[in-house]
Amino acid sequence: MTETTTGRTASTDVDVLIIGAGISGIGAAAHLTTRRPGTSFAILEGREAVGGTWDLFRYPGIRSDSDMPTFGYGFRPWTHRKSIADGHLILDYLRQTVTEHGLAPHIRLGHRVVGAEFSSATGRWTVTAERPGSRTKARYTARFLFLGTGMYDHEAGFTPEFTGIEDFAGTVVHPQHWPADLDHRGKRVIVIGSGATAVTLIPSMARTAGHVTMLQRSPSYVFSVPAHDAVAHALRKLVGHRRAHRIVRRKNILFTRGVYKASRRMPQLMRRLLIADVRRRLPRHFDVDTHFTPRYAPWDQRLCVVPDGDLFKAISAGRASVVTDHIDRFTKDGIRLTSGQELTGDIVVTATGLTMAPFGRIRLRVDGRETKPSDTMAYKAMMLSGVPNLAFALGYTNLSWTLKVDLVCEHFCRLLDHMDAHGHDIVEPVLDDPTVERVQYMNLTSNYVLRGIGAFPRAGTSGPWTVEMAYEKDVERLREGPVEDGALRFTARGATPSGSRPRPGAAG
């Protein structure tokens, strides 16, 4: 386990304060050490371990739903044979990244950030963090704030209100809060849900459970991919890990982008192809139309990836089954459906989704005024209008998360270089184009997105205010495009009186 400093003897004033020690925060720190070795930084992590999602979630079978050559960092090749990797392998990869880049002394575990305020007079953020078991709050100051907090609430997943759930005599568990001592061997398990978590859990639990039933209101698109990439393995032998990494990464980006673009341009064709692949992997008599034919078009919601078709293998072997129906209520022995059918079970897993939460629910203030993310506009999908010296990393929804994180971190380092070269203390995106309309940050129709996206920053319809879920466009904008932009205001500290600052997202 990576050892980190408690912060008692470390500096509490840094150039860059990174919030979150998951894949985004560790990536940001690694980029800083490589590209700006003289920059001081610290990472505040609310939990007692690094790894973020990959340390938090402990349910059976947890794995990536993106290929690891693109989900891993661009600067650190993924060398394991598995392309769709188990959670513990990803956690090891993150810990090794911490070690290789010497990040451990910069990480403060058990520091849950609750508030951050920027002062134009000093050009610095003051950040307040709570520490378990302590009545006093820790305070840090920084020139820049980098939010690597992800999209989800790590405290609580989403569970609908189920009538009669208190009558159930068995165990109910949400995947986000998996008990370490839960034994499902030989048990009858009901998994409520049809998303990525459900299709991950079911084949893993089915190996030792008595039987696993996937209970869904409606089906999702499920797409089988190889767990091992034979091309990547061969290339590593031929040209070594680093060269192979670049080639395989490009190959996988092109493939994933190709599937996405085809889904948007030819939805009916892609629908037929995806469902035909499911039919090929299941017994001839299986009712694919009911259980694996969604009502929506491909990529209106994220595709669910299953490595080597493991979900279909579990169903074909009789270890798992699928029921498509609505829940009437829980009973003592299981769940009664609106059709009248009753499912009996010993364990019910509510794989019913996550709760979205922008920027770790940190309260942001600028010159004494509270700033809600939903009142701001996202600039280049990495900064907030009306909020100075702040950057954030939110990854792709239709591609590997970390591809976007790498690009944001590169551009962030270039921005710092530009400010240093020109003597700027403060940079702030200002929206002063009245023709830019406000739209939703992401356009997925998944229930978890519809429930939570209203609290996130808005995207714009043109210019640097658009949120591009397109790697090639972000390469052009973030890696190859200039730092200076008409929407950015560079100033010296103390130059902007607090009373004259425009409202976040408003015309300047």
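The rules we used
- Residues numbered from 1 in each chain as written.
- Predicted model: local features only at pLDDT ≥ 70, side-chain atom pairs only at ≥ 80, totals over all residues.
- Heavy atoms only, no water.
- Helix = DSSP H or I, 4+ residues; strand = E, 2+ residues; numbered from the N terminus.
- Expected span 1.5 Å × (residues − 1).
- Buried < 20%, exposed > 50% of the residue type's maximum accessible area, 1.4 Å probe, protein only.
- Pairing = 2+ DSSP bridges.
- Patch = residues over 30% accessible without salt bridge, like charges linked within 9 Å, V, L, I, M, F, W, Y side chains within 5 Å.
- Areas by Shrake-Rupley, 256 points an atom, 1.4 Å probe, with all protein chains shown as cover.
- Salt bridge = Lys/Arg side-chain N within 4 Å of Asp/Glu carboxyl O.
- Axes fitted to C-alpha atoms, helices over the stretch in contact; angles between N-to-C directions.
- Contact = heavy atoms within 4.5 Å.
- Parallel < 35°, antiparallel > 145°, perpendicular 65-115°, else oblique.
- Nonpolar A, V, L, I, M, F, W, Y, C, P; charged D, E, K, R; others polar.
- pLDDT = per-residue confidence, 0-100.

J.: Got a minute to help me understand helix H11 (residues 401-422) in this structure?
T.: Over its 22 residues, H11 extends 32 Å from the first C-alpha to the last, a length consistent with the 32 Å expected when each residue adds 1.5 Å. Among the 22 residues of H11, 17 are classified as buried, and the element is accordingly described as predominantly covered.

J.: Would you mind showing me how to read the pairing of strand E6 (residues 138-147) here?
T.: Consecutive side chains along a regular strand alternate between the two faces of the sheet. Buried residues dominate E6, accounting for eight of its ten residues. Direction of pairing for strand E1 (residues 13-19) relative to E6: parallel, over a ladder of six bridges. Bridge pairing links valine 14 to alanine 142 in E6. Strand direction decides the pairing type here: E6 and strand E21 (residues 390-392), joined by three bridges, are parallel. For leucine 145, the partnering residue across the bridge sits in E21 and is leucine 390.

J.: For this particular structure, what's the right way to read a nonpolar patch on the surface?
T.: Residues Leu238, Val239 and Ile247 make up a contiguous nonpolar surface patch of roughly 290 Å² in combined accessible area. Leucine 238 gets classed as exposed once you look at its relative accessible area, which sits at 70%.

J.: For this particular structure, what's the right way to read the sheet that holds strand E9 (residues 211-216)?
T.: By definition, the strands of a sheet pair up through backbone hydrogen bonds, in either a parallel or an antiparallel sense. Here we have five strands laid out as an open sheet, ordered E7-E16-E8-E9-E12, and parallel in their pairing. Both edges of this open sheet fall to strand E7 (171-173) and strand E12 (320-324), since each of them pairs with a single strand only. Ignoring strand direction, the axes of neighbouring strands in this sheet form an average angle of 20°. Where strand E8 (residues 188-192) meets E9, five bridges bridge the pair, whose relative direction is parallel. Bridge assignment links isoleucine 192 to a residue of E9, and that residue is leucine 215. Along the sheet face, helix H5 (residues 196-206) touches E8, E9, E12 and strand E16 (347-350) and points at about 165° away from the line of E9.

J.: Would you mind showing me how to read the packing of H11 against helix H13 (residues 471-479) here?
T.: Each pair of packed helices gets described by two things: the angle between the helix axes and the distance between those axes. Relative to each other, H11 and H13 sit at 10°, their axes nearing to 9 Å. It follows that H11 is roughly parallel to H13 by the angle criterion. Where H11 abuts H13, its residues Leu403, Lys404, Leu407, Val408, Glu410, His411 and Arg414 lie against Tyr471, Asp474, Val475, Arg477, Leu478 and Arg479. Class assignment for the residues of the contact of H11 with H13 results in six nonpolar, one polar and six charged.

J.: Would you take a moment to explain the confidence of the model for the protein for this structure?
T.: Low-pLDDT stretches of the model should not have their predicted coordinates read in fine detail. The share of residues in the protein with pLDDT of 70 or more is 95%, and the mean pLDDT across the chain is 93. Taken as a whole, residues 1-9 scores under 50 in pLDDT and shows 20 contacts with residues more than four places along the chain or in a different chain.

J.: What is the right way to look at the pattern of salt bridges in this model?
T.: If charged atoms from side chains of opposite charge come close, those side chains can pair. All told, the structure shown has 32 salt bridges when counted by the stated rule. The partner of arginine 76 in a salt bridge is glutamate 100, and the shortest N-O contact between them spans 2.9 Å. In this pair, arginine 76 sits in the loop between helix H3 (68-71) and helix H4 (87-100) while glutamate 100 sits in helix H4, placing the two residues 24 residues apart along the sequence. Using a relative accessible area of 9% as the deciding quantity, one classes arginine 76 as buried. A salt bridge links lysine 473 to glutamate 468; its shortest N-O distance comes to 3.9 Å. Under the relative-accessibility criterion, lysine 473 is labelled partly exposed at 45%. Glutamate 468 gets classed as partly exposed once you look at its relative accessible area, which sits at 21%. Connected through shared salt-bridge partners, Arg36, Arg143, Asp417 and Asp420 make up one network.

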